[in-house]
Amino acid sequence: MQQQLLLLHGALGSERSLQPLKESLQNDFDVYRFSFQGHGESELPESDFTIAGFANEVIAFLDENQIKSISVFGYSMGGYVGLYLAKHFPERIQKLVTLATKLNWTIEGSQKMASMLNPIVIKEKVPKYASSLEQMHGENWEQLMTKTAQMMLNLGQNPEVSDSDFEQISLPILLSVGDKDDMVTLEETIHTHRKIQHSQLLVLPKTIHPIEKVDVVELAHQIKRFL
């Protein structure tokens, strides 16, 4: 029986965002993925987005598929969800790989990130991006973006995984970041790497933030090496 691996997408993404990575890993793992609520044309919840809420969706997915424990790859927000799971549900996670995950949430930083998620401005200034979001999420993409921006503001006020949490995580974790990522710094990734006892650090060369721009073959190789 092959090792099981769950792929978690990032903010404003969906399971479709991870299709190329799934294809690169499916010969070596039983690969699972799903879209968080409100993403990929699934119904938007009335409540605010939270990392804890997304983590509960992962646990429900594992229960539904009768998976006792599994290794996880999380991109960006998905990696933060993975770290929350590693802290609060360690019995369900075997190993964790994160990529391009924002780890140092501050009020100023979250305000800057949230200000970039304005549907009106994006429709006017970046219509191609707006169109791609509509294709992925349907007509609710603007509400999805607004909820995501609010979640970022909330994380700036109250990070859902803190340094004290990182210090209590005992699972094997690979924290990876691109050397040209303009949203996640190498410094914050190194800082978290030093807080987590059994973590490794991977810096991907010539790599920016969007997963669509990542060398999927190299990423898959590094995931297989670690797991």
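Relevant structure appears above.
None of these values were measured; they are calculated from a predicted model. (Residues numbered from 1 in each chain as written. Predicted model: local features only at pLDDT ≥ 70, side-chain atom pairs only at ≥ 80, totals over all residues. Heavy atoms only, no water.)

Engineer: Give a description of the packing of helix H4 (residues 107-115) against helix H7 (residues 141-157) that names residues and reports values.
Structural biologist: With their axes 7 Å apart at the nearest point, H4 and H7 run at an angle of 175° to one another. Of the possible angle classes, the one that applies to H4 and H7 is roughly antiparallel. Taken together, the residues of H7 that come into contact with H4 (itself represented by Ile107, Ser110, Gln111, Met113 and Ala114) are Ala149, Met152, Leu153, Gly156 and Gln157. The residue makeup of the contact of H4 with H7, split by class, is six nonpolar, four polar and no charged. (Axes fitted to C-alpha atoms, helices over the stretch in contact; angles between N-to-C directions. Helix = DSSP H or I, 4+ residues; strand = E, 2+ residues; numbered from the N terminus. Parallel < 35°, antiparallel > 145°, perpendicular 65-115°, else oblique. Contact = heavy atoms within 4.5 Å. Nonpolar A, V, L, I, M, F, W, Y, C, P; charged D, E, K, R; others polar.)

Engineer: Can you explain the environment of Val58? Please cite residues and give values.
Structural biologist: Position of Val58 relative to the elements: it lies in helix H2 (residues 51-64). In this structure, the C-alpha to C-alpha distance between Val58 and Tyr84, residues 26 residues apart in sequence, is 11 Å.

Engineer: Just give me the short version of the pattern of salt bridges, but keep the residues and values in it.
Structural biologist: Scanning all chains against the criterion turns up five salt bridges. In this structure, Lys102 engages Glu188 in a salt bridge whose closest nitrogen and oxygen atoms are separated by 3.0 Å. On the criterion of sequence distance, the pair formed by Lys102 in the loop between strand E4 (93-99) and H4 and Glu188 in helix H9 (residues 186-195) is long-range, its members being 86 residues apart. Each member of the pair, Lys102 as well as Glu188, carries the same accessibility label: buried. Lys123 is the salt-bridge partner of Glu142, the closest N and O atoms lying 3.3 Å from each other. On the criterion of sequence distance, the pair formed by Glu142 in helix H7 and Lys123 in helix H5 (residues 119-125) is long-range, its members being 19 residues apart. (Salt bridge = Lys/Arg side-chain N within 4 Å of Asp/Glu carboxyl O. Buried < 20%, exposed > 50% of the residue type's maximum accessible area, 1.4 Å probe, protein only.)

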